[in-house]
Amino acid sequence: MILDQEIKAQLDQYLQLMENDVLLKVCVGSDDVSKDMLALVNELASMSPKITVEEASLPRTPSFSVNRVGEDTGVTFAGVPLGHEFTSLVLALLQVSGRAPKIEESVVQQIRNIDGEYHFETYVSLSCNICPDVVQALNAMSVLNPRITHTMIDGGAFRNEIEDKDIMAVPTVYLNGEFFSSGRVTIEEILAKLGSAPDASQLADRDPYDVLVIGGGPAGASAAIYAARKGIRTGIVAERFGGQVLDTLGIENFISVKYTEGPTFVSHLEEHVKHYGIDILKAQRAKRLEKKDLIEVELENGAVLKSKTLIISTGARWRNIGVPGEAEFKNKGVAYCPHCDGPLYQGKDVAVIGGGNSGIEAAIDLAGIVRHVTVLEFMPELKADAVLQKRLYSLPNVTVLTNVETKEITGTDKVDGITYADRATGEVHHIELQGVFVQIGLVPNTDWLEGAVERNRVGEIIVDKRGATSVPGVFAAGDCTDSPYKQIVIALGSGANAALGAFDYLIRN
Ligand SMILES: Cc1cc2nc3c(=O)[nH]c(=O)nc-3n(C[C@H](O)[C@H](O)[C@H](O)COP(=O)(O)OP(=O)(O)OC[C@H]3O[C@@H](n4cnc5c(N)ncnc54)[C@H](O)[C@@H]3O)c2cc1C
């Protein structure tokens with residue numbers, strides 16, 4: 001039995017939701033992964049009379065495709081989709097059986113209207129928590145459009161492909177044999193990359209908003225909900241709805257919920273926002289802000305949105321170390337997400353730059369997978385909590401270097417080492433390794449506001465206690481502001497605060 005009792009009980013309930021018969025075409029060999037895969041598909045078939053299994057020849061061994069009876073849907077899993085990908089398998093079964101994917105109707109139409117043949121392949125690791133979003137987006141696209149196919153490939157089971165293609169970050173997507181994307185991509189972003197995004201003319205006729213929110217993380221979502229609940233016209237523009245929470249695995253400090261995971265939290269957030277008739281513009285990036293009679297925000301596609309008030313909640317992103325080699329070897333040995341990319345460095349030597357909580361957590365996490373971890377901290381001491389440091393120093397395969405400055409990440413076509421200087425002696429050293437995880441904090445996403453609102457030395461938007469910025473009618477909330485602490489509950493609270501501030505401004509002006 002490959003599934004435990006608890007999972008089987010949950011699965012049983014999902015399988016009851018299947019609408020029509022599904023045929024699993026299976027291609028197996030005599031290796032252990034094939035045996036596990038066969039055990040899994042047979043177990044699925046034993047649990048539902050709607051699932052049948054048939055041996056077939058497929059491009060990869062082991063793999064299986066999930067099909068309607070009499071019609072190939074193009075959804076294939078190469079390797080055993082357990083771990084984080086198990087949900088992708090369950091959703092594929094339901095959607096191929098006829099249950100509609102939870103996608104807005106306008107997006108469904110965009111997918112159905114795509115012309116041409118698109119064969120996607122996504123390399124994942126089963127411990128990557130962001131990979132399922134990409135797999136599920138592409139599976140849903142395959143289910144909706146017969147000209148689109150998608151294969152999930154477990155990098156652990158197809159190491160030769162990972163090595164041949166030099167894949168050092170997951171999820172990595174190939175389209176028609178060519179590199180397409182690396183990291184999280186939403187359906188809207190995939191559509192935009194395929195040239196199927198709404199253009200400026202489609203957004204040009206939007207009436208002005210009372211409150212326009214830029215950013216769809218916790219702060220933006222909270223601001224939009226608070227504004228919309230006042231009964232005023234509210235819009236939200238988000239490059240990537242969910243923000244940093246999408247990259248978060250476990251959340252244990254969202255008060256009143258003992259444990260949740262980032263993607264679950266985001267789907268609840270989105271459901272809540274949608275409940276209020278808020279105009280949601282996803283996969284759209286704001287690039288310029290100007291205060292005229294109304295506040296105008298220009299998007300990257302050229303559209304200009306107008307609003308009486310604005311709430312900026314564009315959050316933050318990983319800070320780059322900015323040394324030679326970092327940009328060149330991004331996804332070729334330079335990584336930012338240890339949960340996602342750690343498994344690709346199994347048995348290799350890596351460095352973690354940064355001795356704060358996130359750096360030390362990353363080092364502890366990686367030490368369980370890789371051969372050796374070197375931690376490089378610029379300051380004379382690590383800054384992480386004592387409990388994390390104690391755990392780190394108890395590990396046999398970790399070296400900690402403090403008071404060192406990273407000078408260069410070296411390599412030819414991928415990372416082969418790191419060069420650093422000892423800040424006390426000035427001596428320069430080089431370590432040979434295959435991966436560098438940069439964990440030196442975050443930088444606010446406020447570059448697009450250059451000259452438009454007042455920001456502090458590190459680029460954070462300066463706000464007062466009502467969330468107001470230096471520009472009347474423009475408010476800000478969350479990690480993009482000069483609030484000293486950056487957390488989900490704080491971002492939610494500051495979004496609410498800014499929305500109430502904006503409402504107050506509207507009734508006085
Ligand atoms: C790995 C990780 C783990 C974490 N774990 C926790 C935890 O366990 N508990 C906790 O409380 N906090 C945690 N945090 C911090 C928490 O995620 C943040 O404090 C919170 O997400 C901030 O919310 P925000 O809405 O201000 O910004 P973000 O979440 O950064 O959202 C910003 C939004 O703005 C959009 N955006 C950016 N620029 C533009 C633009 N120009 N135009 C349009 N849209 C734009 C983004 O796409 C996104 O939708 C974690 C953070 C990380 C990175």
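Residues numbered from 1 in each chain as written. Predicted model: local features only at pLDDT ≥ 70, side-chain atom pairs only at ≥ 80, totals over all residues.

A.B. asks: I keep staring at the overall build of the protein and nothing clicks. Help me out?
C.D. replies: For the protein, the count of helices and strands is 14 helices and 27 strands. In terms of overall size, the protein behaves like a compact globule, its C-alpha atoms giving a radius of gyration of 24 Å where 509 residues would be expected to give roughly 23 Å. In terms of principal-axis extent, the alpha carbons of the protein reach across some 70 × 65 × 45 Å. Looking at the 509 residues of the protein, the share that counts as buried comes to 46%. (Helix = DSSP H or I, 4+ residues; strand = E, 2+ residues; numbered from the N terminus. Rg over C-alpha atoms; globule rule 2.2 N^0.38 Å. Buried ≥ 20, exposed ≤ 12 C-beta atoms within 10 Å, placed from the backbone.)

A.B. asks: Quick question: what am I supposed to make of the site of the ligand here?
C.D. replies: Contacts to the ligand come from 34 residues, most closely from Gly215, Gly217, Gly243, Gly315 and Gly478. If you list the elements that add at least two residues to the shell around the ligand, you get α9 (218–228), β10 (234–238) and α14 (488–508). (Near = placed C-beta within 6 Å.)

A.B. asks: Is there a simple way to explain the pairing of strand β25 (residues 435–438) in this structure?
C.D. replies: Within a regular strand, the side chains alternate between the two sheet faces. Alternating positions in β25 separate into two faces, Gly435 and Phe437 on one and Val436 and Val438 on the other, with burial throughout. Strand direction decides the pairing type here: strand β18 (residues 334–335) and β25, joined by two bridges, are parallel. Following the sheet pairing, valine 334 is matched in β25 by valine 436. As defined by bridge partners, strand β19 (residues 349–353) adjoins β25 across four bridges and the pair is classed as parallel. When the sheet's bridge partners are listed, valine 352 is paired in β25 with phenylalanine 437. (Pairing = 2+ DSSP bridges.)

A.B. asks: Looking at this model, I keep getting lost on the packing of α9 against helix α10 (residues 262–274). Mind explaining?
C.D. replies: Angle between the axes and distance between the axes are the two parameters that describe a pair of packed helices. Put simply, α9 and α10 touch, their axes get as near as 9 Å, and they point 25° apart. As judged from the angle between their axes, α9 and α10 are roughly parallel. Note that α9 runs across α10; the crossing there is left-handed. Residues Pro218, Ala221, Ala224 and Ile225 of α9 lie in contact with α10, whose contacting residues are Leu269, His272 and Val273. (Axes fitted to C-alpha atoms, helices over the stretch in contact; angles between N-to-C directions. Parallel < 35°, antiparallel > 145°, perpendicular 65-115°, else oblique. Left-handed = near helix turned anticlockwise from the far one by under 90°. Contact = placed C-beta atoms within 7 Å.)

A.B. asks: Sorry, what's going on with the domain arrangement of the protein here?
C.D. replies: Where interface size is given, it is often the accessible area lost as the parts come together that is meant. When its domains are assigned, the protein resolves into domain 1 (5–193), domain 2 (204–317 + 442–508) and domain 3 (334–438). Centre-to-centre separation of domain 1 and domain 3, based on C-alpha positions: 34 Å. The partner domain 3 presents nine residues to the twelve residues of domain 1 that form the contact. Broken down by class, the residue content of the side of domain 1 that touches domain 3 amounts to six nonpolar, five polar and one charged. (Domains from an automatic or database assignment. Nonpolar A, V, L, I, M, F, W, Y, C, P; charged D, E, K, R; others polar.)

A.B. asks: Can you help me understand the sheet that holds strand β23 (residues 415–422) in this one?
C.D. replies: As a general point, the strands of a sheet are linked pairwise by backbone hydrogen bonds and lie either parallel or antiparallel. Here three strands make up an open sheet; going across it, the order is β22-β23-β24 and the pairing antiparallel. Every other strand in the sheet has two partners, leaving β22 (404–411) and β24 (428–432) as the edge strands with one partner each. Sheet twist, expressed as the average angle between the axes of neighbouring strands with direction ignored, equals 25°. Where β23 and β24 come together, five bridges link them in antiparallel fashion.

A.B. asks: Looking at this structure, how should I read the nonpolar core?
C.D. replies: The nonpolar side chains of a soluble globular protein tend to be buried with one another. In terms of nonpolar packing, the biggest core is built from 89 residues, with Ala363 and Val436 touching the most fellow members. Considering each element in turn, this core owes the most residues, nine residues, to helix α5 (residues 131–144). Three or more residues apiece are contributed to this core by two domains, here domain 1 (5–193) and domain 3 (334–438). Setting aside residues up to four positions removed in sequence, valine 436 forms contacts with Gly333, Val334, Val350, Ala351, Ile353, Ile409, Val415 and Ile418. Formed by 51 residues, the second largest nonpolar core is a distinct cluster that contains Phe241, Ile312, Ala316 and Ala499. (Core = buried A, V, L, I, M, F, W, Y, C linked by C-beta atoms within 7 Å.)

A.B. asks: Where do I start with unusual backbone geometry in this structure?
C.D. replies: For the bond running from threonine 61 to proline 62, omega is 0°, close enough to zero to count as cis. Across the junction of valine 170 and proline 171, the peptide omega takes the value -5°, indicating a cis bond. Counting through the fold element by element, proline 171 comes out in the loop between α6 (159–164) and β7 (172–175). For serine 256, which is not glycine, the phi torsion reads 95° and is therefore positive. Structurally, serine 256 is set in the loop between β11 (250–251) and β12 (260–261). Using a count of 5 C-beta atoms within 10 Å as the deciding quantity, one classes serine 256 as exposed. Positioned with a positive phi, asparagine 331 is a non-glycine residue whose angle comes to about 65°. Of note, asparagine 331 is situated in the loop between β17 (316–318) and β18.

A.B. asks: Please clarify how α5 should be interpreted in this entry.
C.D. replies: Given 3.6 residues per helical turn, the α-helix brings residues three or four places apart onto the same face. Look at α5: 20 Å from first C-alpha to last across 14 residues, which is about the 20 Å you get at 1.5 Å a residue. Along α5, 14 of the 14 residues are buried, which leaves the element largely enclosed by surrounding structure. (Expected span 1.5 Å × (residues − 1).)

A.B. asks: Is there a simple way to think about the sheet that holds strand β6 (residues 148–154) in this case?
C.D. replies: Taking strand neighbours across the sheet as the criterion, the eight strands line up as β2-β1-β3-β4-β6-β5-β7-β8 in an open arrangement whose pairing is mixed. A strand with exactly one partner marks an edge of an open sheet, and here the two such strands are β2 (51–55) and β8 (178–182). Direction aside, neighbouring strands of the sheet carry axes that sit 25° apart on average. In this fold helix α2 (residues 32–47) packs onto β1 (22–27), β2 and β3 (63–68), with an angle of close to 145° to the strand it touches most, β2. Contacting β1, β3, β4 (71–78) and β6, helix α3 (residues 86–96) runs over the sheet at an angle of about 30° to β3.

A.B. asks: Please explain the pairing of strand β14 (residues 286–291) as it appears in this structure.
C.D. replies: Two elements, β14 and strand β15 (residues 295–299), share five bridges in a ladder whose sense is antiparallel. When the sheet's bridge partners are listed, lysine 291 is paired in β15 with isoleucine 295.

A.B. asks: What is the right way to look at the environment of threonine 410 in this model?
C.D. replies: Counting through the fold element by element, threonine 410 comes out in strand β22. Note: C-alpha distance between threonine 410 and phenylalanine 329 (81 residues apart in sequence) is 8.6 Å. Leaving out residues up to four positions away in the same chain, threonine 410 has contacts with Gly325, Asp416, Gly417, Ile418 and Thr419.

A.B. asks: Explain the environment of asparagine 456 to me, please; I cannot follow it from the model alone.
C.D. replies: With respect to the helices and strands, asparagine 456 occurs in the loop between β26 (442–444) and β27 (474–476). Spatially, the C-alpha atoms of asparagine 456 and aspartate 482 are 7.4 Å apart, while their sequence positions differ by 26 residues. Beyond its immediate stretch of four places on either side in the chain, asparagine 456 contacts Ile462 and Asp482.

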